[in-house]
Amino acid sequence: MKQQKIKISILVILLCIILVLISIWKITNKETTKAFMAAPIDRISQIPKKEPTLLSMLKTATKPMGSTMYVYGGGWNEADTGAGKEAVSIGCSPEWNTFYQLQDQNYDINVSSYQIHEGLDCSGYIGWILYNTFHTLDGEEGYVMKGEDMAKVFSQKGWGTYIPKSQVKDYQPGDIMSSDCEDCAHVYMVVASCDDGSILLFHSYPQGVQLNGTVDKQGNQESEAVKLAEKYMRQYCPEWTNKYPLEILDKKFLTHYAQMRWDTTDKGVITDTEKIKEKSAEEILQLIFS
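Residue indices follow the written sequence of each chain, beginning from 1 at its first position. Where local features are concerned, this predicted model is filtered to residues with pLDDT of at least 70; where side-chain atom pairs are given and counted, the filter is 80 or more; whole-chain, interface and lining totals use all residues. Note that water and hydrogens are dropped before the side-chain values are worked out from all heavy atoms of the structure.

**What about the environment of A258?**
Helix and strand labels come from DSSP, where a helix needs a run of H or I of at least four residues and a strand needs a run of E of at least two; each type is numbered from the N terminus. Mapped onto the fold, A258 is located in strand 7 (residues 258-262). Whether a residue is buried, partly exposed or exposed follows from its accessible area with a 1.4 Å probe, protein chains only, as a fraction of its type maximum: under 20%, in between, or over 50%, in that order. For A258, a relative accessible area of 7% puts it in the buried group. Considering only alpha carbons, one finds A258 and E148, 110 residues apart in sequence, at a separation of 8.6 Å. When sequence neighbours within four positions are dropped, the list of residues in contact with A258 reads A151, Y162, I163, P164, K165, I176, M177 and S178. It only takes one pair of heavy atoms within 4.5 Å for two residues to be counted as in contact.

What follows is the structure, given as structure tokens:
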């Protein structure tokens with residue numbers, strides 16, 4: 001009889017332990033679900049495990065430079081609704097360089113329109129940069145959309161601050177610049193600003209993916225940025241610069257574009273570990289091409 005009472009007591013204790021464990025599990029599961037539901041869907045929690053910096057993003061931007069033609073629709077899908085397979089793939093598509101090698105100095109962007117696998121347009125290029133900056137696997141959700149929308153949409157994802165074109169005062173490495181003007185309808189990424197007010201930028205622009213410089217604040221074409229762009233394009237893309245004239249970008253690139261400036265704090269999706277925002281244009285270029 002005594003042994004039976006002991007067995008019953010043990011069973012009661014075990015049952016109590018089980019009930020306590022179930023209660024703990026329910027509380028924990030509830031809090032986890034709550035935290036997951038509350039997490040902002042477009043911030044760093046949803047970006048694949050990679051630790052991008054402004055410098056790594058700008059280094060990534062150089063990979064198709066000087067070997068990828070401007071193709072209207074390049075980087076988009078067949079339905080023209082978003083990113084195509086090339087813009088959600090890690091690395092450069094071999095087809096880009098193959099198509100580039102077939103072209104001469106008379107390349108006509110109007111003839112190649114919608115040959116979407118052969119090159120990149122401006123928004124396809126920016127989308128490709130971002131995908132290759134934040135992702136490590138092919139085939140995930142991409143970032144290609146109308147270039148004029150990119151600055152605002154990316155800021156709405158919580159990636160940075162949107163600044164309307166009328167309020168843009170300066171430029172920092174990585175700034176995404178979008179224009180909805182009829183004579184622009186373009187998007188580019190800032191590389192650096194120069195002391196004379198000119199800026200260096202990466203974009204896909206006739207004839208293709210390249211580093212260019214703008215005029216200075218007064219509209220002078222012999223700006224610091226133009227000189228630096230020519231120096232580095234001739235050094236790192238000599239075949240391209242021998243084939244195609246270097247673009248000198250006019251004042252519209254300084255006045256017609258809204259801006260998305262990255263949040264590089266601990267709360268952002270990208271950092272400035274190398275502190276390139278504090279460096280000169282030449283120092284930034286040296287780091288990018290080192």
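Alright, that's what it looks like, and here's the rest.
**As for the packing of aromatic side chains**
Note on aromatic contacts: the rings of Phe and Tyr and the six-membered ring of Trp form a pair at centre separations within 6.5 Å, being stacked when their planes are under 30 degrees apart, edge-to-face when over 60 apart, and tilted otherwise. Following the criterion strictly, the structure yields 19 aromatic pairs and no others. When the ring of F134 is compared with that of Y143, the centres are 6.5 Å apart and the planes differ by 65 degrees; the resulting orientation is edge-to-face. Take F134 and Y143: they sit in the same class, and that class is buried. One aromatic cluster is present, formed by Y131, F134, Y143, F154, W159 and W262 through successive ring pairs. As a reminder, the over-ring test applies to NZ of lysine and CZ of arginine, requiring each to be within 6 Å of the ring centre and within 35 degrees of the ring normal. Over the aromatic face of Y100 sits the side chain of K243, whose NZ or CZ is 4.3 Å from the ring centroid.

**As for the pairing of strand 4 (residues 199-205)**
Of all the seven residues making up strand 4, six are buried; the element is thus mostly covered by neighbouring parts of the structure. We treat two strands as partners when DSSP finds at least two bridges between them. Between strand 3 (residues 186-193) and strand 4, which pair antiparallel and follow one another directly, the connecting turn spans five residues, one of which, G197, has a positive phi of 90 degrees. Joining the antiparallel neighbours strand 4 and strand 5 (residues 208-214) is a turn of two residues.

**Let's talk about unusual backbone geometry**
Between P206 and Q207 the backbone carries a cis peptide bond, its omega angle lying at 15 degrees. Its place among the elements puts Q207 in the loop between strand 4 and strand 5. Phi at Y114 is positive, roughly 65 degrees, even though this residue is not glycine. Relative to the elements of secondary structure, Y114 occurs in the loop between helix 3 (94-101) and helix 4 (122-134). You can call Y114 partly exposed: its relative accessible area is 48%. Phi is positive for K275, which is not a glycine, with a value near 55 degrees.

**Some thoughts on helix 2 (residues 54-61)**
Burial within helix 2 is extensive, with six of its eight residues counted as buried. When helix 2 is considered as a whole, its buried residues turn out to be L54, L55, M57, L58, T60 and A61. Looking at the buried side of helix 2, the elements it contacts are helix 4, strand 3, strand 4, strand 7 and helix 9 (281-288).

**Comments concerning the packing of helix 2 against helix 4**
Lines fitted to C-alpha atoms define the axes here, with helix axes fitted over just the stretch in contact, and angles between the N-to-C directions of these axes take values from 0 to 180 degrees. Between helix 2 and helix 4, whose axes approach to 9 Å, the crossing angle comes to 130 degrees. Relative to helix 4, helix 2 is oriented oblique. As helix 2 packs across helix 4, the resulting crossing turns out to be right-handed. Facing helix 2, whose interface residues are M57, T60 and A61, helix 4 presents Y125, W128, I129, L130, N132 and T133. Under this grouping Gly is polar, as are all residues other than the nonpolar Ala, Val, Leu, Ile, Met, Phe, Trp, Tyr, Cys and Pro and the charged Asp, Glu, Lys and Arg. Among the residues forming the contact of helix 2 with helix 4, the class breakdown is six nonpolar, three polar and no charged. Convention used here: angles under 35 degrees read as roughly parallel, angles over 145 as roughly antiparallel, angles from 65 to 115 as roughly perpendicular, and any remaining angle as oblique. A crossing counts as left-handed when the near helix is turned anticlockwise from the far one by less than a right angle, and as right-handed when that turn is clockwise.

**What about the nonpolar core?**
Nonpolar side chains in soluble globular proteins tend to be buried together. Grouped together as the largest cluster of nonpolar side chains are 56 residues, with contacts concentrated most on L130, I176, L200, L211 and W262. At eight residues, the largest contribution of residues to this core is made by helix 4. Once residues lying within four places of it in the same chain are set aside, the contact partners of W262 are L54, M57, L130, F134, W159, G160, G174, D175, I176, V269 and I270. Working definition of a nonpolar core: buried Ala, Val, Leu, Ile, Met, Phe, Trp, Tyr and Cys residues. They are joined through side-chain atoms within 4.5 Å. C181, C184, I199 and L201 belong to the second-largest nonpolar core, a separate cluster that totals 14 residues.

**Some thoughts on the pattern of salt bridges**
Definition used for salt bridges: Asp or Glu carboxyl oxygen within 4 Å of a side-chain nitrogen of Lys or Arg. Scanning all chains against the criterion turns up five salt bridges. A salt bridge links D170 to R261, with the nearest nitrogen and oxygen atoms 3.0 Å apart. Within this pair, whereas D170 is found in the loop between strand 1 (160-163) and strand 2 (176-179), its partner R261 is found in strand 7, the two being separated by 91 residues in sequence. The salt bridge partner of E282 is K231, with a shortest N-O separation of 3.0 Å. Within this pair, whereas E282 is found in helix 9, its partner K231 is found in helix 6 (residues 224-236), the two being separated by 51 residues in sequence. Its relative accessible area of 26% is what places E282 among the partly exposed residues. When its relative accessible area of 42% is taken as the criterion, K231 is described as partly exposed. Linked through salt bridges whose partners overlap, the residues forming this network are D170, D175 and R261.

**Details of the state of the cysteines**
Working definition of a disulfide: a covalent bond connecting the sulfur atoms of two cysteines. Defined by distance alone, a disulfide is two cysteine sulfur atoms within 2.5 Å. Applying the stated criterion across every chain yields a total of zero disulfides. Not engaged in a disulfide, the cysteine C184 finds its nearest cysteine sulfur in C181; these two sulfurs lie 4.7 Å apart. Judged by its relative accessible area of 16%, C184 is buried.

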